Every structure is written in structure tokens, then in C-alpha cells.
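Notes for the structure review
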Amino acid sequence: MALLFLCLQQGIEVGCAHVNYHHRPEADEEEAYLRSFCKDHGIPFYVRDEPFVYEGNFEAAAREWRYSFFCRIVKEYGYQGVLIAHQQDDLIETYLMQEERNLVPEYYGLKAEMMYQGMLVERPLLGYTKKELKDLCQAHSIRYYIDSTNESEEYSRNRIRKE
């Protein structure tokens, strides 16, 4: 919501692509709110909400499913690319996960800009902390949701976040 608000504030024309995995009880409420917000602000809204079926690692499968949807929207509607709302805390968590797994990636953390299957992916919020973005939303009465699955230690990212 912070990224969407900042785009509106800066006059950047965007569409909003939302993926509803139906994995959390509040997922449908979030989708309905986002749909309403986009309608109120004249933002094209694209949603992927068919049943998500996967095998193996949920996070990896969800990322592939989400990015394939973004690619389809970018190509079908002629967008220049996709903006992803990863922020500084995500950057640090990703780096720590890479270190914990003894990975030697091409790039540590998250790139501010990259190509994914011919689609430009930009992460313009890497310079902001999660707290700064929450504060921004609160200061401008922008409703946002906290993903309840972030409390589950089933996912290594959440464990790292808590530690």
C-alpha cells in the first residue's frame, strides 16, 4: 500500500497486480479492500485468484506463480515493467538467508533493478525500512495489512526475521 500510495503521490501511472493465494483467512478481505482502493483512485486492477496448487516449497512456487502473472500483465497491457514493494528489511533478511545457507549467489540481497524473463523488475523501496513505510501509511490514513503467516516459523525467512 505504501508503494501504491507513493506512486499516486508522485503522479506515476500504474496498474495494480494482486495475487490472492487464498492461503490466509484475511486474503479475500485484503483483495476486496485493494479492489475498492484502486477503483476509488482510477487505478487498473488485475487479480490472480484461481486456486493455487503447488508441490514442494510454498515460497518458491508462490514466487514463480506470482511473477508469471506479472509477466502476463506487463505483456498483455503494455506496461514498462513491474514495481515490487520489497523494502530494506526484506533486503537484509534475504542476505541473511543466503549467508545461512552458505550460498554464493551472483548478487547478495535483492537487486534494485533486474530482468525476469524479459520483464523489468524494479524495487524502489529498498531504501525504506518496514517501520518507515508503516509510519507513512499511518500518517496518510492508508490502510495496510500484515500477513499473518509472518508469525509462523514454518518459513525460514520468518525465523530469521524474529531472531
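This text gives an overview of the structure that appears in the document.

Each value, and the rule that gives it
Residues numbered from 1 in each chain as written. Predicted model: local features only at pLDDT ≥ 70, side-chain atom pairs only at ≥ 80, totals over all residues. Heavy atoms only, no water. Phe/Tyr/Trp six-rings, centres within 6.5 Å; stacked < 30°, edge-to-face > 60°. Helix = DSSP H or I, 4+ residues; strand = E, 2+ residues; numbered from the N terminus. Buried < 20%, exposed > 50% of the residue type's maximum accessible area, 1.4 Å probe, protein only. Lys NZ or Arg CZ within 6 Å of the ring centre and 35° of its normal. Patch = residues over 30% accessible without salt bridge, like charges linked within 9 Å, V, L, I, M, F, W, Y side chains within 5 Å. Areas by Shrake-Rupley, 256 points an atom, 1.4 Å probe, with all protein chains shown as cover. Salt bridge = Lys/Arg side-chain N within 4 Å of Asp/Glu carboxyl O. Axes fitted to C-alpha atoms, helices over the stretch in contact; angles between N-to-C directions. Parallel < 35°, antiparallel > 145°, perpendicular 65-115°, else oblique. Left-handed = near helix turned anticlockwise from the far one by under 90°. Contact = heavy atoms within 4.5 Å. Nonpolar A, V, L, I, M, F, W, Y, C, P; charged D, E, K, R; others polar. Pairing = 2+ DSSP bridges. Polar contact = N/O pair within 3.5 Å; in protein donor to acceptor, adjacent residues only side chain to side chain.

1. Examining the packing of aromatic side chains
Summed over the entire model, instances satisfying the criterion amount to 14 aromatic pairs. Look at tyrosine 21 and phenylalanine 58: their rings are 5.9 Å apart centre to centre, the planes differ by 65 degrees, and that puts the pair in the edge-to-face class. Taken together, the positions of tyrosine 21 in the loop between strand S1 (16-19) and helix H2 (27-40) and phenylalanine 58 in helix H3 (residues 58-77) put the pair 37 residues apart, joining distant regions of the chain. In terms of burial, tyrosine 21 and phenylalanine 58 fall into one category: buried. Looking at arginine 143, its charged tip hangs above the ring of tyrosine 33, at a distance of 5.2 Å from the centre.

2. Details of a nonpolar patch on the surface
A cluster of nonpolar residues, Ile92, Tyr95, Leu96, Val104 and Tyr108, forms a patch on the protein surface that exposes about 480 Å² of accessible area. Examined against the element boundaries, tyrosine 95 turns out to sit in helix H4 (residues 88-100). Among the residues examined, tyrosine 95 registers a relative accessible area of 36% and is labelled partly exposed.

3. Brief notes about the pattern of salt bridges
Under the criterion given, the structure shown has 7 salt bridges. With a shortest N-O distance of 2.8 Å, arginine 48 and glutamate 50 are connected by a salt bridge. In this structure arginine 48 comes out as buried when scored by relative accessible area, which is 12%. Residues joined in a network through salt bridges with shared partners are Arg24, Glu26 and Glu30.

4. Points about the packing of helix H1 (residues 2-9) against helix H5 (residues 130-139)
Where H1 contacts H5, the axes come no closer than 10 Å and their chain directions differ by 60 degrees. With respect to H5, the element H1 is oriented oblique. Considering how the two elements wind past one another, H1 and H5 form a crossing that is left-handed. Facing H1, whose interface residues are Ala2, Phe5 and Leu6, H5 presents Leu133, Leu136 and Cys137. The residue makeup of the contact of H1 with H5, split by class, is 6 nonpolar, no polar and no charged.

5. Observations regarding the sheet that holds strand S3 (residues 81-83)
Strand order in the open sheet formed by 3 strands is S3-S5-S4, with mixed pairing between adjacent strands. With one partner strand each, in any of the chains shown, S3 and strand S4 (113-116) form the two edges of the open sheet. Recorded for the sheet is a direction-independent mean angle of 25 degrees between the axes of neighbouring strands. Note that S3 and strand S5 (residues 119-122) share 3 bridges and pair parallel. Each residue of the ladder has a partner; that of valine 82, found in S5, is valine 121. The strands touched by H3 within the sheet are S3, S4 and S5, with S5 carrying the most contacts at an inclination of about 115 degrees.

6. Topic: the side chain of glutamate 26
As for its placement among the helices and strands, glutamate 26 is situated in the loop between S1 and H2. A polar atom in the side chain of glutamate 26 sits 3.0 Å from the side chain of arginine 24.

7. Some words on the environment of isoleucine 92
Structurally, the position occupied by isoleucine 92 is in helix H4. For the pair isoleucine 92 and valine 53, spaced 39 residues apart in the sequence, the C-alpha separation amounts to 29 Å.

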